[in-house]
Amino acid sequence: MELGNSGDPAALPELVELTRSPAANVRRLAASAIGKLAGLADAKGAVAALQPLLQDSHPQVRQYAVKALKAYGTAARCALSDLRDIAISPVEKEYNQRDAKLAVETIEEALRIEEKQAIHCCQRCGVKLEPDEYVRSHKAFQRPFCNYCFDEVFLERRNFETKVELQKNIRAKDGT
Ligand SMILES: [Zn+2]
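It should be emphasised that the depicted structure is a prediction, and the values quoted were computed from it without experimental measurement. (Residues numbered from 1 in each chain as written. Predicted model: local features only at pLDDT ≥ 70, side-chain atom pairs only at ≥ 80, totals over all residues. Heavy atoms only, no water.)

### With respect to the environment of Glu-156
Following the sequence through the fold, Glu-156 ends up in helix H8 (residues 147–174). Residue Glu-156 is classed as partly exposed on the basis of its relative accessible area of 44%. Sequence separation of Glu-156 and Pro-13 is 143 residues, and the distance between their C-alpha atoms is 34 Å. (Helix = DSSP H or I, 4+ residues; strand = E, 2+ residues; numbered from the N terminus. Buried < 20%, exposed > 50% of the residue type's maximum accessible area, 1.4 Å probe, protein only.)

See the structure below:
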């Protein structure tokens, strides 16, 4: 699915429609794509579309809904009780129990930051993080970065990976 991978928040209404598709694979991809729009698309609409998928009959649809809701941080607070249920459900798949527990932890921590009960500082520049910055950097790097440093670190990593990739190709040609 190209939808959502474009990172275009205008795709949200169409993705919301697709969460109601009769095809489980389409619902799964729609959940995944909505997750990737976190921070870009209307969070309320996204969370409202994702939350019913936690009750989906297909475990992989539930899995992607859990991951996507985690990416929405404080906006996903209304899904917390459903996520807690999944985390402790004895009939749920183990990967969903685990991911739901992580999602609950992340969303709760984002709420603590919002309520000023918790403080996380950027590992690179030291500024206090906003809840969405915590969620975003935690998801990508498992480390706290402000949005500015997030972009810098992201670029550094990508440049590094590109360099490694190029060197690999050169080495292969030389046969060394
Ligand atoms: Zn920073």
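### Structural notes on unusual backbone geometry
Positioned with a positive phi, Lys-116 is a non-glycine residue whose angle comes to about 65°. Note on placement: Lys-116 falls in the loop between helix H6 (94–114) and helix H7 (131–141). A relative accessible area of 70% means that Lys-116 is categorised as exposed. Non-glycine residue Gln-142 carries a positive phi angle of around 55°.

### With respect to the coordination of the zinc ion
Only Cys-122 (SG), Cys-125 (SG), Cys-146 (SG) and Cys-149 (SG) from the protein coordinate the zinc ion, and they sit 2.3 to 2.4 Å from it. Classification of the site at the zinc ion as tetrahedral follows from its four donor atoms and the range of 100 to 118° in their angles at the metal. Along the chain, the residues that donate to the zinc ion are spaced as C-x2-C-x20-C-x2-C. Since its relative accessible area comes to 43%, Cys-125 is described here as partly exposed. (Donors = N, O, S within 2.8 Å, 3.2 Å for Na, K, Ca; no water. Tetrahedral: all angles 85-135°; square planar, octahedral: opposite > 155°, others 65-115°.)

### Quick notes on the pattern of salt bridges
Overall, the coordinates contain 12 salt bridges when judged by the stated rule. We note a salt bridge from Lys-101 to Glu-105, for which the minimum N-O separation is 3.4 Å. On the criterion of helical spacing, the pair formed by Lys-101 and Glu-105 is a turn pair, its members being four residues apart in helix H6. Glu-105 gets classed as partly exposed once you look at its relative accessible area, which sits at 38%. In this structure, a network of salt bridges that share partners links the residues Lys-67, Arg-98 and Asp-99. (Salt bridge = Lys/Arg side-chain N within 4 Å of Asp/Glu carboxyl O.)

### Side note on the domain arrangement of the protein
Partitioning the protein into structural domains gives domain 1 (1–114) and domain 2 (118–176). Computed over C-alpha atoms only, the centres of domain 1 and domain 2 are separated by 24 Å. With 11 residues of domain 1 at the contact, the number on the domain 2 side is nine residues. Approximately 840 Å² of surface area, both sides summed, lies buried where domain 1 meets domain 2, with 72% of it carried by carbon and sulfur atoms. (Domains from an automatic or database assignment. Contact = heavy atoms within 4.5 Å. Buried area = accessible area lost by both parts, 1.4 Å probe.)

### Examining the packing of aromatic side chains
In total, this model carries three aromatic pairs according to the counting rule given. Here the aromatic rings of Phe-141 and Phe-150 are separated by 5.1 Å at their centres, their planes lie at 50°, and the arrangement is tilted. In this structure, Phe-141 and Phe-150 share a single accessibility class: buried. When the ring of Phe-150 is compared with that of Phe-154, the centres are 6.1 Å apart and the planes differ by 10°; the resulting orientation is stacked. One end of the pair is Phe-150 and the other is Phe-154, both in helix H8 and four residues apart, which spans about a single turn. According to the relative accessible area criterion, Phe-150 is buried, its value standing at 8%. An aromatic cluster is built from Phe-141, Phe-145, Phe-150 and Phe-154, whose rings are joined through pairwise contacts. We note Arg-28 situated over the ring of Tyr-64; from NZ or CZ to the ring centre the distance is 5.3 Å. Taking the ring centre of Phe-150 as reference, the NZ or CZ of Arg-136 above it sits at 3.8 Å. (Phe/Tyr/Trp six-rings, centres within 6.5 Å; stacked < 30°, edge-to-face > 60°. Lys NZ or Arg CZ within 6 Å of the ring centre and 35° of its normal.)

### Observations concerning the packing of H6 against H7
H7 packs onto H6 with a crossing angle of 150° between their chain directions and a minimal axis gap of 8 Å. By the angle between their directions, the pair H6 and H7 is classed as roughly antiparallel. In this structure, the crossing between H6 and H7 has a hand that is right-handed. Contacts between H6 and H7 involve Thr-106, Glu-109, Ala-110, Ile-113 and Glu-114 on the former and, on the latter, Pro-131, Tyr-134, Val-135 and His-138. In the contact of H6 with H7, the residues fall into five nonpolar, two polar and two charged. (Axes fitted to C-alpha atoms, helices over the stretch in contact; angles between N-to-C directions. Parallel < 35°, antiparallel > 145°, perpendicular 65-115°, else oblique. Left-handed = near helix turned anticlockwise from the far one by under 90°. Nonpolar A, V, L, I, M, F, W, Y, C, P; charged D, E, K, R; others polar.)

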